[in-house]
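So the chains spell out like this:
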Protein chains: 2
Amino acid sequence: MAANKFFDIYTQLKDEVREGIYNDTMLLPTELELVERFKTSRNTIRRAIAELNNEGLVHSVKGRGVVVLETSKVDKVFFRTGNFHGLKELSSYNEISTSSKLIDFTELTVSEALAELISFHAGERIYKIERLRVINGKKMMYDTSYFKKSILGPIDKKVATGSIYAYIDTHADFKIAASKSIMKVVSANAHDFTNLDLGENNCVGEIENITYTDNGRLFEHTFIRYIPNEYVMVSFAQH
Amino acid sequence: MAANKFFDIYTQLKDEVREGIYNDTMLLPTELELVERFKTSRNTIRRAIAELNNEGLVHSVKGRGVVVLETSKVDKVFFRTGNFHGLKELSSYNEISTSSKLIDFTELTVSEALAELISFHAGERIYKIERLRVINGKKMMYDTSYFKKSILGPIDKKVATGSIYAYIDTHADFKIAASKSIMKVVSANAHDFTNLDLGENNCVGEIENITYTDNGRLFEHTFIRYIPNEYVMVSFAQH
DNA sequence: GAGTGGTCTAGACCACGGT
DNA sequence: CCGTGGTCTAGACCACTCC
C-alpha cells in the first residue's frame with residue numbers, strides 16, 4: 001500500500017514472524033544484519049521493528065536482541081466474537097452497517113444538563129443521532145451520538161441514515177484525527193431494557209467515544225451500549 | 001528521571017500544553033523552532049512530539065503543524081473511579097494492595113480442559129493463585145492467576161501472599177516485557193455471586209490478561225472479574 | 001511558492017547482556 | 001570484552017497545506 005520503505009520492511013518481517021520463520025522465543029536477525037539484507041539505513045530498520053513492537057509481535061531487549069513473543073489464545077481472538085476490531089474502529093466508522101437502523105435524528109442545543117454529560121459546551125448547536133444494531137433479529141447495540149453542527153455543517157436525515165464518516169470524506173474540509181474511549185460495565189436502565197435484547201441480563205457494556213478533527217477540535221461524542229456475552233476488546237501494552 | 005534528551009523535551013512540552021501555553025486547537029511551535037530552542041537535532045524533537053501524539057495530547061498534520069487537542073471530560077476521568085490506570089497496570093503489578101486478600105494458592109498440572117481456557121499447554125506445571133479485592137467492606141474484584149512454574153521457579157505461600165512482581169524484581173533472572181488483554185461483559189456465574197458483592201446485578205466485567213517475559217515467553221494468564229459501576233478503562237487511538 | 005511535517009541516510013557514541 | 005539495541009546528530013529530499 002504505502003511505498004514507505006520502513007512499512008514494506010515491517011510488513012515483510014511481520015509475515016515472516018507469522019509464518020514462524022523465527023520461532024517463538026527466538027531472536028530476529030540483528031539490526032545490522034537487516035541493514036545488509038534490505039540495503040537501507042539502520043534508522044529505517046529500527047522504524048520497522050518499532051512497528052512490530054507496537055503490534056505486540058516482538059519485544060526489543062537492549063544488549064540481547066529482538067525477541068519474538070509466543071503466540072497466545074488472545075492473538076486468535078483478535079478479529080472475532082462480535083465486532084470490536086481492537087479499538088481503532090470504535091468510532092462511528094463501522095457502526096453504520098446494513099444491520100444498523102436509524103432510530104432518531106434531531107437537531108438541538110446543548111443544555112446545561114447535557115453539557116455535564118458530554119464534552120460539548122452549553123449553547124452549542126448539535127445533531128443527535130440514535131441508531132440500533134440488530135444481528136439475526138437480536139438487538140445487540142444501541143448508539144447515541146452527538147455531532148457538533150458548527151464543524152459538520154448542515155446535514156439532513158438522508159446523510160444521517162447513511163455513513164456520516166463517508167459524508168465527511170467526500171463533503172467536508174476536515175479529517176478525523178483521533179479518538180478517546182472510556183469503557184465501563186454498568187447496570188441496565190429502563191432504556192436499555194426496551195432498546196436491547198438483554199434476556200436475563202440486567203447490565204450492559206458502555207463505551208463512551210470522543211472523536212477529534214485534525215484541527216484538534218472535539219467533534220463527536222458517542223455512547224455505545226451493548227449486551228453482555230457478545231463483544232470483546234483487545235489491547236496490548238509494553239512495559 | 002531519564003536523562004534522555006527527547007524525554008526531557010517531551011516532559012517540558014507536555015507541561016506547557018497542560019498549562020495552556022498553547023491553547024486548545026492551536027499549533028505547537030514548528031519543529032525547526034523547537035530545534036532552535038532546545039539546541040538539538042530535529043530527530044530528537046520529532047521523537048518528543050511522537051510521544052505527545054501517543055499520549056493523545058496533540059496530533060501532527062503534514063504541511064500544517066502540530067495541533068493541540070481540545071481537552072475533554074475523558075481526560076479528567078483518567079485516574080479516577082476505581083483503579084484501572086489505563087491498561088498498563090492491569091497485570092498483577094498493583095493487584096496486591098493492602099485491601100487484596102489471598103484466597104487460594106495451589107500448585108497443579110495443566111489439564112486438557114484448562115489448556116483450552118488459558119494459553120499454557122497441557123502438562124505444564126503451574127501455580128494457581130486466587131485473590132479478592134475488598135474496598136470498604138465490599139467485594140469488588142476477584143482474580144484467578146496462573147503462573148508458569150518453569151519460569152517463576154519454586155515459590156511458597158508467603159511469596160504468593162505478597163507481590164509476585166516485587167519478588168520477580170529482586171529474585172528472578174527475567175523481566176516482565178509486555179501484556180495483552182481481552183475485555184468483556186459477561187453474565188455472572190455461581191462463583192461470581194458468592195465471590196463478589198454484585199447486589200442486584202447479574203453480570204460482571206472480565207479482563208483476561210496475558211503477561212510475557214523479556215524472553216518472549218508466556219508467563220502469566222489471569223482472569224479478573226469485577227462488579228459493575230465501579231471501574232473504568234480509558235484508551236486513545238490515532239487514525 | 002514558502003513552510004510544514006514525513007521519510008531516509010550515514011555516521012557517532014552509549015548502556016546493557018552475555019561470554 | 002564484543003555485540004546488541006537505544007540515543008543522537010546533521011544533513012537531504014519529498015508530500016502536503018495554505019496563501
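Above this note sits the structure.
For clarity, every value in this text was computed on a predicted model and none was experimentally measured.

Reading guide: rules and limits
Residues numbered from 1 in each chain as written. Chains lettered and ligands numbered in written order. Predicted model: local features only at pLDDT ≥ 70, side-chain atom pairs only at ≥ 80, totals over all residues. Heavy atoms only, no water. Phe/Tyr/Trp six-rings, centres within 6.5 Å; stacked < 30°, edge-to-face > 60°. Lys NZ or Arg CZ within 6 Å of the ring centre and 35° of its normal. Pairing = 2+ DSSP bridges. Helix = DSSP H or I, 4+ residues; strand = E, 2+ residues; numbered from the N terminus. Axes fitted to C-alpha atoms, helices over the stretch in contact; angles between N-to-C directions. Contact = heavy atoms within 4.5 Å. Salt bridge = Lys/Arg side-chain N within 4 Å of Asp/Glu carboxyl O. Buried < 20%, exposed > 50% of the residue type's maximum accessible area, 1.4 Å probe, protein only. Buried area = accessible area lost by both parts, 1.4 Å probe. Core = buried A, V, L, I, M, F, W, Y, C linked by side-chain atoms within 4.5 Å. Near = heavy atom within 4 Å. Polar contact = N/O pair within 3.5 Å; in protein donor to acceptor, adjacent residues only side chain to side chain.

Participant: Account for the packing of aromatic side chains, with residues named and values stated.
Facilitator: In this description, a pair of aromatic rings is defined by centroid distance and the angle of the planes. Residue and element names in this part refer to chain A. Applying the stated criterion to the full structure yields 15 aromatic pairs over all chains. Through a chain of ring-to-ring contacts, three or more aromatic side chains come together here, namely Phe-147, Tyr-165, Phe-174 and Phe-219. Residue placement shows Arg-47 over the ring face of Phe-6; its charged tip is 3.9 Å from the ring centre.

Participant: Tell me what's going on with the sheet that holds strand E9 (residues 232-238) of chain A, and back it up with residues and numbers.
Facilitator: Strands sit in the order E9(A)-E6(B)-E7(B)-E8(B)-E5(B)-E4(B)-E3(B) across an open sheet of seven strands; the sheet is antiparallel. At either end of the open sheet lies a strand with only one pairing partner, and these are E9 of chain A together with strand E3 (100-109) of chain B. Ignoring strand direction, the axes of neighbouring strands in this sheet form an average angle of 15°. Sheet analysis places strand E4 (residues 125-135) of chain B next to strand E5 (residues 138-148) of chain B, joined by ten bridges and oriented antiparallel. Across the sheet, residue Val-134 of chain B finds its bridge partner in E5 of chain B, namely Lys-139 of chain B. Strands in contact with helix H8 (residues 164-171) of chain B are E4, E5, strand E6 (176-187), strand E7 (203-213) and strand E8 (218-226) of chain B; relative to E8 of chain B, the strand with the most contacts, it is inclined by about 160°.

Participant: So, the pattern of salt bridges: which residues are in play, and what are the values?
Facilitator: Counted by the stated rule, this structure contains 28 salt bridges over all chains. A network of salt bridges, in which partner residues are shared, links Lys-184, Asp-192, Glu-206 and Arg-225 of chain A.

Participant: Lay out the environment of Phe-7 of chain B with the relevant residues and their values.
Facilitator: Residue and element names in this part refer to chain B. One can find Phe-7 in helix H1 (residues 5-18). Residue classification places Phe-7 among the partly exposed positions, given a relative accessible area of 29%. Counting along the chain gives 190 residues from Phe-7 to Asp-197, while the straight-line C-alpha distance between them is 43 Å.

Participant: Which residues make up the sheet that holds strand E5 (residues 138-148) of chain A, and what values go with them?
Facilitator: Strand order in this open sheet of seven strands is E3(A)-E4(A)-E5(A)-E8(A)-E7(A)-E6(A)-E9(B), and the pairing throughout is antiparallel. The outermost strands of the open sheet, each flanked by one partner alone, are strand E3 (100-109) of chain A together with strand E9 (232-238) of chain B. The average undirected angle you get between the axes of adjacent strands in this sheet is 15°. The sheet contact formed by strand E6 (residues 176-187) of chain A and strand E7 (residues 203-213) of chain A spans eleven bridges and is antiparallel. Across the sheet, residue Ser-181 of chain A finds its bridge partner in E7 of chain A, namely Asn-209 of chain A.

Participant: For the interface of chain A and chain B, give the residues involved together with the corresponding values.
Facilitator: Counting residues at the interface gives 64 residues for chain A, matched by 63 residues for chain B. Broken down residue by residue, the surface that chain A buries against chain B is led by Lys-180, Val-185 and His-239 of chain A, which jointly contribute 14%. Across the contact surface, chain A and chain B share four salt bridges. Between Lys-148 of chain B and Glu-70 of chain A there is a salt bridge, with the nearest N and O atoms lying 3.6 Å from each other. Contributing elements (two or more residues each) for the side of chain A that touches chain B: strand E1 (58-61), strand E2 (65-68), helix H4 (73-77), helix H5 (112-117), E6, E7, strand E8 (218-226) and E9 of chain A. Top element by residues in the side of chain A that touches chain B is E6 of chain A. It accounts for twelve residues.

Participant: I'd like a description of the nonpolar core, backed by residues and values.
Facilitator: Among the nonpolar cores identified, the biggest contains 36 residues, and Tyr-226 of chain A together with Tyr-226 of chain B are the most heavily contacted of them. Within the second largest apolar cluster, 17 residues are counted, among which are Leu-13, Val-17, Tyr-22 and Ile-49 of chain B.

Participant: Could you give an account of the protein's contact with DNA strand C, with specific residues and numbers?
Facilitator: Around DNA strand C, the surrounding shell holds 25 residues, and the nearest of these are Lys-5, Thr-40 and Thr-44 of chain A together with Arg-42 and Arg-46 of chain B. Close to the protein, within 4 Å, the atoms of DNA strand C belong to sugar or phosphate groups at a rate of 68%. Taking Lys-5 of chain A, its main chain carries an N or O atom lying 2.3 Å from a phosphate oxygen of DNA strand C. Within the backbone of Gly-63 of chain B, an N or O atom sits 3.3 Å from a base nitrogen of DNA strand C. If you list the elements that add at least two residues to the surface near DNA strand C, you get helix H1 (5-18) and helix H3 (42-54) of chain A together with helix H3 (42-55), strand E1 (58-61) and strand E2 (65-68) of chain B.

Participant: Explain the protein's contact with DNA strand D residue by residue, including any values.
Facilitator: With respect to spatial proximity, 25 residues lie near DNA strand D, and among them Arg-42 and Arg-46 of chain A together with Lys-5, Thr-40 and Arg-64 of chain B are the closest. Restricting the count to atoms of DNA strand D within 4 Å of the protein gives a sugar and phosphate share of 68%. Glu-31 of chain A has a polar backbone atom sitting 2.9 Å from a phosphate oxygen of DNA strand D. Between Phe-6 of chain B and DNA strand D, the recorded distance is 3.2 Å, taken from a backbone N or O atom to a phosphate oxygen.

Participant: Got a sec to walk through the side chain of Thr-213 of chain A? Specific residues and values, please.
Facilitator: Tracing the backbone through its elements, the reader meets Thr-213 of chain A in strand E7. Overall, Thr-213 of chain A belongs to the buried group, its relative accessible area being 1%.

Geometry only, nothing functional implied.
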